[in-house]
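Okay, here's what each chain looks like letter by letter:
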Amino acid sequence: MNRSRIFAYFELAIAAILIGSSVVAGKMTTMQMPIFLSQSMSLSVALLLLIPLLLRKRSVLIMVGKKDLLFLLLQAFLGMFMFRVLMLYGLRFAPATEAGIVTSLTPAIVAFLSVIFLKELVTARLKIGIICSLLGVLSLQLPGWLLPSSESRPQGLYIGLLLILGAVIGEAMLTILRKMTASSVSSLLGTTYVTFFSFLMFLPFSFAEALTYDFGELSFGDIGLLLYYGIFVTALAYILWFRGVAKVPAGTAAVYTSCIPVSALLLSYVVLHEPFSWAHVAGAAFVFWGIWQVSRSTK
């Protein structure tokens, strides 16, 4: 195995862990700030880091072709704007632990979309992996359907889980679209364009929320979350993910998205102190069995 491939695996794993942490960070952010305002502020932090880095690399061509520009716009809309809006609104209705399990569908969805858009080979194991991932999500709700529980389920839970599923599909499309532009757009340039386009998409809505938000309520913890979201979840995670995806097949990248739910679930228990549930373990077992099947089919 060459060194470039090893570095790619490392980059994909770290990026996926950071993206998984966005579930918990987003849950904490939505409890304190309006969604569009918080995201435009975190994206501005990311741009303050990305633009100087890009300008220092004088060898990097800033201009891109029309086709690449269209793909970058789609990456921004689906993989960052819609992903964050759907994820953060979904987290208002669903616990971060169950959101983490739904994000476990990412590997199967990326593998499935790579067959459609990149014409990668479909195998029996890939089909089994997708089915197992779906069973994992269904098993989250099975105890509530079959057994009476003294714990009340959050109102609007299923709406929240559907919103998070939509966010996962948008994130999967980001990987596919990045694969289409990897040869002509560098990871730093692609991240900067996608972040800038997403910032413009959030900006009009954030103005409306800023008119009614009391900025005096911002605590040091809230500012720290915005800085973390901008520097680590946005700038660093997307640079690493774009670098890694450029070096490996989309099916291989799909396997490494399994780090997203692991990160989200562990941080949900540790940071948010959400209640532990064996249903989450059962759901994760199904999902990771599906991930293992997908990884064997994409070797």
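Residues numbered from 1 in each chain as written. Predicted model: local features only at pLDDT ≥ 70, side-chain atom pairs only at ≥ 80, totals over all residues. Heavy atoms only, no water.

(A) Geometry of the overall build of the protein chain. Check the secondary structure of the protein chain and you find 12 helices and zero strands. In the protein chain, the share of contacts with a sequence separation of at least 24, taken over all contacts with a separation of at least 6, comes to 92%. For the protein chain, the accessible surface area stands at approximately 14100 Å², while carbon and sulfur atoms represent 72% of it. (Helix = DSSP H or I, 4+ residues; strand = E, 2+ residues; numbered from the N terminus. Contact = heavy atoms within 4.5 Å. Areas by Shrake-Rupley, 256 points an atom, 1.4 Å probe, with all protein chains shown as cover.)

(B) Highlighting the environment of Gln 39. Mapped onto the elements of the fold, Gln 39 is located in helix α2 (residues 35-56). With 159 residues separating them along the chain, Gln 39 and Ser 198 place their C-alpha atoms 9.3 Å apart. For Gln 39, the residues in contact, after removing those within four places along its chain, are Arg 84, Leu 88, Phe 202 and Tyr 229.

(C) Focus on the pattern of salt bridges. Applying the stated criterion across every chain, the model contains two salt bridges. Two residues, Glu 11 and Arg 243, come together in a salt bridge whose shortest N-O distance is 3.0 Å. Residue Glu 11 is found in helix α1 (residues 3-30), and its partner Arg 243 is found in helix α9 (residues 220-247); the two are separated by 232 residues along the sequence. For Glu 11, a relative accessible area of 6% translates into the label buried. (Salt bridge = Lys/Arg side-chain N within 4 Å of Asp/Glu carboxyl O. Buried < 20%, exposed > 50% of the residue type's maximum accessible area, 1.4 Å probe, protein only.)

(D) A look at a nonpolar patch on the surface. Taken together, the side chains of Leu 49, Leu 53, Phe 220, Ile 223, Leu 227, Ile 231, Phe 232 and Leu 236 define a hydrophobic patch exposed on the protein surface, amounting to about 700 Å² of accessible area. Sorting the residues of the nonpolar patch by element identifies α2 and α9 as the ones contributing at least two each. By residue number, the principal contributor to the nonpolar patch is α9, which donates six residues. For Ile 223, the location among the structural elements is in helix α9. Given a relative accessible area of 38%, Ile 223 falls into the partly exposed group. (Patch = residues over 30% accessible without salt bridge, like charges linked within 9 Å, V, L, I, M, F, W, Y side chains within 5 Å.)

(E) Here's a closer look at the nonpolar core. Grouped together as the largest cluster of nonpolar side chains are 72 residues, with contacts concentrated most on Val 23, Met 87, Leu 91 and Trp 241. Apart from the residues within four sequence positions on either side, Leu 91 is in contact with Val 23, Gly 26, Lys 27, Ala 96, Ala 99 and Ile 164. (Core = buried A, V, L, I, M, F, W, Y, C linked by side-chain atoms within 4.5 Å.)

(F) Seen up close, the confidence of the model for the protein chain. Summing up the model confidence of the protein chain, the mean pLDDT is 82 and the portion of residues at 70 or higher is 86%. By mean pLDDT, the top-scoring element of the protein chain is helix α8 (residues 187-210) (95), and the lowest-scoring one is helix α6 (residues 124-146) (65). (pLDDT = per-residue confidence, 0-100.)

(G) Local environment of empty space enclosed by the protein. Per the stated rule, a full pass over the model turns up one cavity of 30 Å³ or more. There is about 50 Å³ of room inside the largest cavity. As for the largest cavity, its lining consists of Ile 19, Val 23, Phe 83, Met 87, Thr 103, Thr 106, Val 168, Glu 171 and Ile 260. Contributing elements (two or more residues each) for the lining of the largest cavity: α1, α3 (66-91) and α7 (157-181). (1 Å grid on protein atoms, 1.4 Å probe; cavity = no way out; pocket = protein on both sides within 12 Å on 5 of 7 lines; lining within 4 Å. Points joined across faces, edges and corners; volume = space filled by probe spheres on them.)

(H) A look at the packing of helix α5 (residues 106-117) against α7. Between α5 and α7, the least distance of the axes is 9 Å, while the angle of their chain directions is 45°. One finds that α5 runs oblique with respect to α7. Between α5 and α7 lies a crossing of right-handed hand. Counting all contacts with α5, which are made through Thr 106, Ile 109, Val 110, Leu 113, Ser 114 and Phe 117, the residues of α7 involved are Leu 165, Val 168, Ile 169, Ala 172, Met 173, Thr 175, Ile 176 and Met 180. Grouping the amino acids of the contact of α5 with α7 by side-chain chemistry returns 11 nonpolar, three polar and no charged. (Axes fitted to C-alpha atoms, helices over the stretch in contact; angles between N-to-C directions. Parallel < 35°, antiparallel > 145°, perpendicular 65-115°, else oblique. Left-handed = near helix turned anticlockwise from the far one by under 90°. Nonpolar A, V, L, I, M, F, W, Y, C, P; charged D, E, K, R; others polar.)

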